[in-house]
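Residue-level structural notes
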Amino acid sequence: MTASNRIVLSSDHSAIQLRQTIAAHIVAQGWEVADIGPTTPESTPYPKHGEAAARLVATGDCRFGIILCGTGQGIMMAANKVKGIRCGVCADTFSARMIRQHNDANMLSIGARVVGEGLALDIVDAFLTAQFERGRHAVRLEMIEELEKHRISVPV
Ligand code: RB5
């Protein structure tokens, strides 16, 4: 297995069961999974789990990251603070496909309190089977990279 076939999974306490279900689902498809936890149900802050997964994607150790919290929102926000990460929250398969095709997303976030297991697995499949379309979309990603380079701070 190489990094191009490896997916990192992480979550906070609210999504352990769904994360483990997703892990089994994608292992059955031939992906190698780095499930970095947590495994016990104590409350644990989503930013650290979002960051840990995002680091493995940003370094190239993993091709994709799939992260979960209650809504998918907080952990997505944390992951997107890591340079090179493009993570979207999806609660439908259309968005999951489009964030690959148009945004070349390298991470997917799912809200375990938002979607049921069946839909979550379909969202994962839509994300993992779609391909980035490049062309005009690549130009827009370069614009995002520019924003990242010159991170904007506004005076308060
Ligand atoms: C934890 O209770 C919850 O706030 C978290 O899982 C997530 O929904 C945050 O965005």
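Structure's up top.
Here goes a summary of the coordinates provided. (Residues numbered from 1 in each chain as written. Predicted model: local features only at pLDDT ≥ 70, side-chain atom pairs only at ≥ 80, totals over all residues. Heavy atoms only, no water.)

1. Points about the sheet that holds strand E2 (residues 32–35)
Here five strands make up an open sheet; going across it, the order is E2-E1-E3-E5-E4 and the pairing parallel. At either end of the open sheet lies a strand with only one pairing partner, and these are E2 and strand E4 (87–89). On average, adjacent strands in this sheet sit at an angle of 20° to one another, irrespective of strand direction. Note that strand E3 (residues 64–69) and strand E5 (residues 107–111) share five bridges and pair parallel. When the sheet's bridge partners are listed, Leu 68 is paired in E5 with Ile 110. (Pairing = 2+ DSSP bridges. Helix = DSSP H or I, 4+ residues; strand = E, 2+ residues; numbered from the N terminus. Axes fitted to C-alpha atoms, helices over the stretch in contact; angles between N-to-C directions.)

2. A few points about the packing of aromatic side chains
If you walk through the whole model with that rule in mind, you get two aromatic pairs. On the numbers, 5.3 Å between centres and 70° between planes, the contact of Phe 64 with Phe 127 is edge-to-face. Residue Phe 64 is found in strand E3, and its partner Phe 127 is found in helix H5 (residues 117–129); the two are separated by 63 residues along the sequence. In this structure, Phe 64 and Phe 127 share a single accessibility class: buried. Pairwise contacts between aromatic rings join Trp 31, Phe 64 and Phe 127 into one cluster. (Phe/Tyr/Trp six-rings, centres within 6.5 Å; stacked < 30°, edge-to-face > 60°. Buried < 20%, exposed > 50% of the residue type's maximum accessible area, 1.4 Å probe, protein only.)

3. Things to note about H5
Residue pairs three or four apart in sequence face the same way in an α-helix, which turns once every 3.6 residues. Taking 1.5 Å of rise per residue, the 13 residues of H5 would be expected to cover 18 Å, and the 18 Å separating its terminal C-alpha atoms lies within 8% of that figure. Buried within H5 we find Ala 120, Leu 121, Ile 123, Val 124, Ala 126, Phe 127 and Leu 128. Those residues of H5 that are buried lie in contact with strand E1 (6–11), helix H1 (16–27), E3, helix H4 (93–101) and E5. (Expected span 1.5 Å × (residues − 1). Contact = heavy atoms within 4.5 Å.)

4. Quick word on the pattern of salt bridges
Tallied over the full model, the rule gives six salt bridges. The partner of Glu 32 in a salt bridge is Arg 6, and the shortest N-O contact between them spans 3.3 Å. One end of the pair, Glu 32, is in strand E2; the other, Arg 6, is in strand E1, and 26 residues separate them in sequence. Between Glu 51 and Arg 55 there is a salt bridge, with its nearest N and O atoms 2.7 Å apart. Of this pair, Glu 51 and Arg 55 both sit in helix H2 (residues 46–58), four residues apart, which is roughly one turn of the helix. Taken together, the salt bridges that share partners define one network made up of Arg 86, Arg 100 and Asp 104. (Salt bridge = Lys/Arg side-chain N within 4 Å of Asp/Glu carboxyl O.)

5. So, the site of the ligand
Taken together, Asp 12, His 13, Ser 14, Tyr 46, Cys 69, Gly 70, Thr 71, Gly 74 and Arg 113 make up the full set of residues adjacent to the ligand. In the environment of the ligand, an oxygen atom lies 2.6 Å from a nitrogen or oxygen atom belonging to the side chain of Asp 12. With respect to the ligand, the backbone of Gly 74 contributes an N or O atom lying 3.0 Å from an oxygen atom. For the ligand, the accessible surface in isolation is 290 Å², of which the surrounding protein chains cover 71%. Tallied by class, residues from the shell around the ligand come to two nonpolar, five polar and two charged. (Near = heavy atom within 4 Å. Polar contact = N/O pair within 3.5 Å; in protein donor to acceptor, adjacent residues only side chain to side chain. Areas by Shrake-Rupley, 256 points an atom, 1.4 Å probe, with all protein chains shown as cover. Nonpolar A, V, L, I, M, F, W, Y, C, P; charged D, E, K, R; others polar.)

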